[in-house]
Amino acid sequence: GFMRAFPSSVSMVLRQTQYQLKYFTRVPVALFFTIILPLVMLVLFNALFGDNTIETDEGDWSVRQFYTGGLAAYTAVSATFSNLANMVPIRRDEGVLKRWRSTPLPTWIYIAGFICSAIVIAFVGAMVMLTVGVIFYDLSIEWAKMPAAAVTFLVGVGAFAALGMALASIIKTASSASAAANATILPLAFISDVFVATDGDSALTTIANIFPLKPFVNAFQDCFNPFVAAPAFDWGALGFVAAWGLLGLGIAMKKFTWEPSGAGPRGRRAARAAATAQG
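Participant: For the pattern of salt bridges, give the residues involved together with the corresponding values.
Facilitator: Tallied over the entire structure, the rule returns 4 salt bridges. Ionic pairing is found between aspartate 193 and lysine 214, a salt bridge with its closest N-O pair at 3.9 Å. Here lysine 214 lies in helix 9 (residues 213-222) and aspartate 193 lies in the loop between helix 7 (174-190) and helix 8 (203-208), a separation of 21 residues in the sequence.

Here it is, written out as structure tokens:
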């Protein structure tokens with residue numbers, strides 16, 4: 001019955017997650033953009049602007065702490081949204097998804113493996129950023145706010161994983177999905193308090209508030225802002241981000257396809273041949 005099926009489902013999801021993580025670590029480009037690039041940005045921005053402060057109503061907040069929280073949240077988004085929007089179409093173009101479909105393993109196990117692996121990568125990436133922040137940039141950790149940080153992180157990565165799957169479902173080829181993911185998330189990061197602190201009254205802030213990146217980044221930053229009192233939950237922001245996640249999940253479930261569109265290279269040999277031709 002159910003009790004017998006439950007442990008085996010969990011072990012299958014864990015195995016699938018492990019497999020996806022192994023695959024991720026073998027793709028140097030994915031590893032660079034997801035983990036290393038935000039870390040380079042953190043060091044670079046702090047070297048350039050680290051001595052500045054951001055004026056808040058409560059007092060002056062160190063730019064170093066601002067960047068650490070913002071870039072940790074951005075790393076989590078990159079690991080879920082960008083990573084899934086890139087990897088899933090690549091596997092589809094290679095014909096891997098189609099082969100998986102023909103196996104007896106349930107569909108949801110594969111999708112759960114994709115999403116769980118992305119969440120693990122997001123967690124590792126964010127932890128690396130926060131550790132660097134604590135050691136080098138005076139990031140203040142208040143334990144009373146850590147439950148809020150954990151809940152905010154989980155809601156954020158869950159929502160952005162769903163949105164990454166939605167983008168992967170709508171866009172049929174790997175190259176266009178990758179371009180669409182970067183074209184969406186990078187401009188948004190510039191107006192969402194990731195790379196620069198934005199002015200609260202500008203038109204760009206109004207645009208940023210429509211999308212889930214800024215509410216997620218701000219809610220996560222608040223957990224490390226000494227002027228925000230514990231427990232630091234921003235339920236409004238969390239609800240907004242979760243609503244976007246549900247929208248993404250709905251689109252992913254409705255539009256997800258296993259078959260290559262025919263526009264991308266088929267099979268590993270074709271993929272390799274295309275890569276050689278590009279190189």
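From this point, things continue past the structure.
Participant: Describe unusual backbone geometry, and please don't skip the residues or the numbers.
Facilitator: Cis geometry is found at the peptide bond from alanine 230 to proline 231, where omega equals 5°. Structurally, proline 231 is set in the loop between helix 9 and helix 10 (235-255). With a phi close to 55°, aspartate 138 is a non-glycine residue in the positive phi region. Relative to the assigned elements, aspartate 138 resides in the loop between helix 5 (107-136) and helix 6 (146-170). Overall, aspartate 138 belongs to the exposed group, its relative accessible area being 58%. For alanine 232, which is not a glycine, the phi torsion comes out positive at approximately 70°.

Participant: Residue-level account of helix 5, with values.
Facilitator: For helix 5, built from 30 residues, the straight-helix expectation of 44 Å at 1.5 Å per residue is met to within 8% by its first-to-last C-alpha distance of 44 Å. Directly after helix 5, the chain includes aspartate 138, whose backbone phi takes a positive value near 55°.

What counts, and where the lines are drawn
Residues numbered from 1 in each chain as written. Predicted model: local features only at pLDDT ≥ 70, side-chain atom pairs only at ≥ 80, totals over all residues. Heavy atoms only, no water. Salt bridge = Lys/Arg side-chain N within 4 Å of Asp/Glu carboxyl O. Helix = DSSP H or I, 4+ residues; strand = E, 2+ residues; numbered from the N terminus. Buried < 20%, exposed > 50% of the residue type's maximum accessible area, 1.4 Å probe, protein only. Expected span 1.5 Å × (residues − 1).

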